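One letter stands for each residue in the lines below.
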Amino acid sequence: MEYLFSPLTQIIVLFFTSLITWLFSRSRYKMDLKSSGIDNEIKSAKYYRSLLDDMAIRLDNAITELMKLEDRFVKLMETNRELSNTNMQLMETNKELLVELKKYKQLNGKRE
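Residues numbered from 1 in each chain as written. Predicted model: local features only at pLDDT ≥ 70, side-chain atom pairs only at ≥ 80, totals over all residues. Heavy atoms only, no water.

### Description of the overall build of the protein
The condition that has to hold: Where helices and strands are cited, they refer to DSSP runs of H or I of at least four residues and of E of at least two residues respectively, numbered from the N terminus. Only C-alpha atoms enter the radius of gyration; for comparison, a globular chain is expected to reach 2.2 Å times N to the power 0.38, where N is the number of residues. Each residue is placed in one exposure class: buried if its accessible area under a 1.4 Å probe, protein chains only, is under 20% of its type's maximum, exposed if it is over 50%, and partly exposed if it falls in between.
From N to C terminus, the protein includes one helix and zero strands. A compact globule built from 112 residues would reach a C-alpha radius of gyration of about 13 Å, whereas the protein, at 47 Å, exceeds it by more than 25%. The principal-axis extents of the C-alpha atoms in the protein amount to approximately 155 × 20 × 10 Å. Classification of the 112 residues of the protein by burial places 0% in the buried group.

### Observations concerning the packing of aromatic side chains
Operational definition: For Phe, Tyr and Trp, rings pair up if their centres lie within 6.5 Å, where Trp contributes its six-membered ring, and each pair is then called stacked (planes under 30 degrees apart), edge-to-face (over 60) or tilted (otherwise).
Applying the stated rule across the entire model yields two aromatic pairs. Between the aromatic rings of F15 and F16, the centroid separation amounts to 5.5 Å while the plane-to-plane angle is 70°, which identifies the pairing as edge-to-face.

### Concerning the pattern of salt bridges
Definition in use: Salt-bridge detection follows one rule: a side-chain nitrogen of Lys or Arg within 4 Å of a carboxyl oxygen of Asp or Glu.
Going through the model one piece at a time under the given rule, you end up with three salt bridges. The partner of R28 in a salt bridge is D32, and the shortest N-O contact between them spans 3.7 Å. In this pair, R28 and D32 are both assigned in helix α1 (residues 2-107), four residues apart and thus about one turn of the helix distant. Judged by relative accessible area, D32 falls into the partly exposed class, the value being 41%.

### Here's the deal with the environment of M77
Residue placement: M77 occurs in helix α1. Since its relative accessible area comes to 38%, M77 is described here as partly exposed. Taking C-alpha positions, M77 is 78 Å from F24, a pair spaced 53 residues apart along the chain.

### Observations concerning a nonpolar patch on the surface
Inclusion rule: Residues enter patches when they are more than 30% accessible in relative terms and free of salt bridges; like-charged ones are connected within 9 Å and nonpolar ones (Val, Leu, Ile, Met, Phe, Trp, Tyr) within 5 Å. Per-residue and other accessible areas were derived by the Shrake-Rupley procedure at a 1.4 Å probe size, with only the shown protein chains allowed to occlude residues.
A cluster of nonpolar side chains, namely L8, I12, F15, F16, L19, W22 and L23, defines an oily patch on the protein surface of about 680 Å² accessible area. Relative to the elements of secondary structure, I12 occurs in helix α1. Exposure remark for I12: the relative accessible area of 40% places this residue in the partly exposed category.

This is the structure in C-alpha cells:
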C-alpha cells in the first residue's frame, strides 16, 4: 500500500502545485495583457496627436496662404479697376482727338 500511496501523493502534490501556478500565472497574464493594451493605447494616442498637430500646422499655413492670396486678389482688382478707368479716359481722349482731327481736315479742305 505504501508503494501505491507514495506515487499517488506525488501526483496529487504535482497537480495542486500546477493548479496554483496556473491560477497565479493566469492573473499575471491578465495584468500583462492589460498593460500591453494600455501601452498600445498610449502609443496610438501619441500617433494620432502628432497627426492632429501636423494637420493643425498645415491648416494654419493654408489659412495664411489663403489670406495672402486674398490680399493679392484685392490689390489686383484695384489695379484692374484703375486700368479700366484709365482705358475709359484714353478712349474719351481718343474720341476727342478724332473730332479734332476731323475739324483739322475740314479746315484744310480734305474730306474724310
